[in-house]
Structure formats: structure tokens, C-alpha cells
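Listed below, chain by chain, are the residues.
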Amino acid sequence: MSITNNRANYRKGPVQLRGKLIPEKTTDERLLEPAEGADWLHMDPWRVMRIQAEFVEGFGALAELGPAISVFGSARFKPADPEYALAIEVARHIVEAGYAVITGGGPGVMEGANKGAHEAGGTSVGLGIELPFEQGMNEYVDLGVNFRYFFARKTMFVKYAEGFIVLPGGFGTLDELFEALTLVQTTKVKRFPIVLIGTTFWAGLIDWMQNTLVERGTISAHDPDLLHLTDDPREAVEIVLNANRSRRREELAAAQAAASRAGAMGPE
């Protein structure tokens, strides 16, 4: 699937448009445009209903998915690139561990991960987005949901996954990576493992965090430890699994301790 601006097949949420019906601006673009006059007063409240509908649709489609891991990476890689094969292998290990695979549903790394999950007999999920290019869900998606708004889509990546595995990518990949890092750093989500695959690709970013951000005091010294770095797809999946096993043990111990304290207090 090409990343070129293919105007012949345009997805707008659940709707497919072609020819002269293709809009000049995406829904996100119109939402974020500066308001002129008072027209927004009459338009924006109705947009809230559309946004609400996207959340309802996403929650409804994914609520019974079960344990899953989100996989991110560039849409620009081709099937002949090593990153595509790496995504297939990562997804296969995820499925063998009993997890579903969630991607953005597009080409490149996303397609590789969906293909790996599909061929391994697992559940292959794609969360698409309305863009002026990269249109259409790849053919290996078993469960696909198309979104108009990035923020609704990004919520689904975190809410229904137990960790992120991030392959080499560009701005979109970095956006998802730092969104997750911020949520973990601020404890909006707890014990959410984030694994980077590709030591050569990611080493510069890690060095910059440690030598610039930590040195300048803009992040804490332990914040870079929120990221796990590896070249091994199997190890990447094991890091996520081990983190979640540890989290579940802690939750069970906390629940047992709470029950024990309640029992010791006796009935009122």
C-alpha cells in the first residue's frame, strides 16, 4: 500500500468516499481551526456528539477483546524491509503468549504486525484514522475500527493494551511513544511497559534523554528507565509479560491484605 496521496479511496470514520465527495480538509483539521465569529457556538456542541460516538464505537468494539499489546512503527517501510519482517515476528510471539495485537491498521510496520498476528491465528486489530494519505485498512486486520479524531483513537491504544512495543518509526510513532511515556510518568497509568526494538535506531534518543533532559533537570534521573531497549522480538514480548505478571501479583497481594485487614476489624 503506497503512502502517496491516494484520493481515490478515502475513509472518514465508518464512511468511504470517492471522487468529488472527498473533502478538502480532515475532520481533525476542521476541529482545530481557529474559530471565526460566533459560528463555532452553533457547530462545536454538535461535534461533541460525534466525538462521543467515536468513543462509544471504540469501547463497544474492543470491550471484549481480552489481553492485548499495541505495536507501533513507521507506515513507510515496505514488505522487503527488515522492519516489516521484524513486526511479523513480534506479533507472532505476542499471539503465542495469548495476546491480541493492536496496530494503527495501516501499511508498513502496522501491516507486518497485523500479518504476523493473523497468520499465527491470533486476533489482529487495526485502529484506522482519517488522513489525506495512508487511507484504508490493511488486509490482515480481523477487527478494524476507523476514527476521525486522533485523541479518541489514541485512547483505545492505551485502554485496551497491557503494553507498547515500538519499532522504528517517524512522527506518528514518536507521538504514541511520548504519549504513553507521559501517562506513565504522571501515573495516569501504572506499570505500563514500553519496549523499544532497535538499539541502533533508538540509542540516540535514549542518550539525548540521559545527557540533555536529565542533565538539565527537565525529567528525573529514573525517567529514562521507563523505556526498555532490545533487538530481540522474543525478549520484547517477555518484558511486557513479566511486567504484567508482576503487576498482577502486586494487585493480588494488595487485595488479600485489604481483605485480611477487613477480617481483623470484624463486623461493626
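The structure under discussion appears in the preceding block.
Calculation criteria
Residues numbered from 1 in each chain as written. Predicted model: local features only at pLDDT ≥ 70, side-chain atom pairs only at ≥ 80, totals over all residues. Heavy atoms only, no water. Axes fitted to C-alpha atoms, helices over the stretch in contact; angles between N-to-C directions. Helix = DSSP H or I, 4+ residues; strand = E, 2+ residues; numbered from the N terminus. Parallel < 35°, antiparallel > 145°, perpendicular 65-115°, else oblique. Left-handed = near helix turned anticlockwise from the far one by under 90°. Contact = heavy atoms within 4.5 Å. Nonpolar A, V, L, I, M, F, W, Y, C, P; charged D, E, K, R; others polar. Buried < 20%, exposed > 50% of the residue type's maximum accessible area, 1.4 Å probe, protein only. Right-handed = clockwise from strand over helix to strand, strands pointing away. Pairing = 2+ DSSP bridges. Core = buried A, V, L, I, M, F, W, Y, C linked by side-chain atoms within 4.5 Å. Salt bridge = Lys/Arg side-chain N within 4 Å of Asp/Glu carboxyl O. Expected span 1.5 Å × (residues − 1).

### Considerations on the packing of helix H3 (residues 82–96) against helix H4 (residues 109–119)
At a minimum axis separation of 7 Å, H3 and H4 run at an interaxial angle of 40 degrees. As judged from the angle between their axes, H3 and H4 are oblique. When the axes of H3 and H4 are compared, the crossing they make is right-handed. Across the interface between the two elements, Glu-83, Tyr-84, Ala-87, Ile-88, Ala-91, Arg-92 and Val-95 of H3 pack against Val-109, Glu-111, Gly-112, Ala-113, Lys-115, Gly-116 and Ala-117 of H4. For the contact of H3 with H4, the class distribution of residues is 8 nonpolar, 2 polar and 4 charged.

### Structural notes on the pairing of strand E3 (residues 68–72)
With 5 of 5 residues buried, E3 lies mostly within the body of the structure. Once the chain exits E3 it traverses H3 before rejoining the sheet at strand E4 (residues 100–103), and the crossover so formed is right-handed. As defined by bridge partners, E3 adjoins strand E7 (residues 164–166) across 3 bridges and the pair is classed as parallel. From the neighbouring strand, Phe-72 faces E7, where its bridge partner is Val-166.

### A short note on the nonpolar core
Ranked by internal contacts, the top residues of the largest apolar core, which has 37 residues, are Leu-127, Phe-164, Leu-177, Phe-192 and Ile-194. Top element by residues in this core is helix H7 (residues 199–216). It accounts for 5 residues. The contacts of Phe-192, once residues within four sequence positions are left out, are Val-158, Ala-161, Glu-162, Gly-163, Phe-164, Ala-180 and Val-184. Core analysis: the next-biggest nonpolar cluster, separate from the first, contains 23 residues, Ala-91, Val-237, Ile-239 and Val-240 among them.

### Here we look at the pattern of salt bridges
This model, assessed by the stated rule, comprises 6 salt bridges. Of the charged contacts in the structure, one is a salt bridge between Arg-247 and Glu-162, with a shortest N-O distance of 3.8 Å. Of the two residues, Arg-247 is situated in helix H8 (residues 233–265) and Glu-162 in the loop between helix H5 (150–159) and E7; the sequence distance between them amounts to 85 residues. Relative accessible area serves as the criterion here: at 17%, Arg-247 is assigned to the buried category. Taken together, the shared-partner salt bridges in this structure form one network comprising Lys-154, Asp-175 and Glu-179.

### Overview of H3
In an α-helix, one turn spans 3.6 residues, which is why side chains three or four residues apart end up on the same side. With 15 residues, H3 ought to run about 21 Å at 1.5 Å a step, and its terminal C-alpha atoms sit 21 Å apart, in line with that. Within H3, the full set of buried residues consists of Glu-83, Tyr-84, Leu-86, Ala-87, Val-90, Ala-91, His-93, Ile-94 and Val-95. Lining the buried residues of H3 we find E3, E4, H4, E7, strand E8 (194–197) and H8. Note on H3: the residue one or two positions beyond its end, Gly-98, has a positive phi of about 95 degrees.

### Some words on the packing of H3 against H8
At a minimum axis distance of 9 Å, the contact between H3 and H8 shows a crossing angle of 40 degrees. The angle between the axes of H3 and H8 places the two elements in the oblique class. Crossing handedness for the pair H3 and H8: right-handed. Facing H3, whose interface residues are Leu-86, Glu-89, Val-90, His-93 and Ile-94, H8 presents Pro-233, Arg-234 and Val-237. Residue composition of the contact of H3 with H8, grouped by class: 5 nonpolar, 1 polar and 2 charged.

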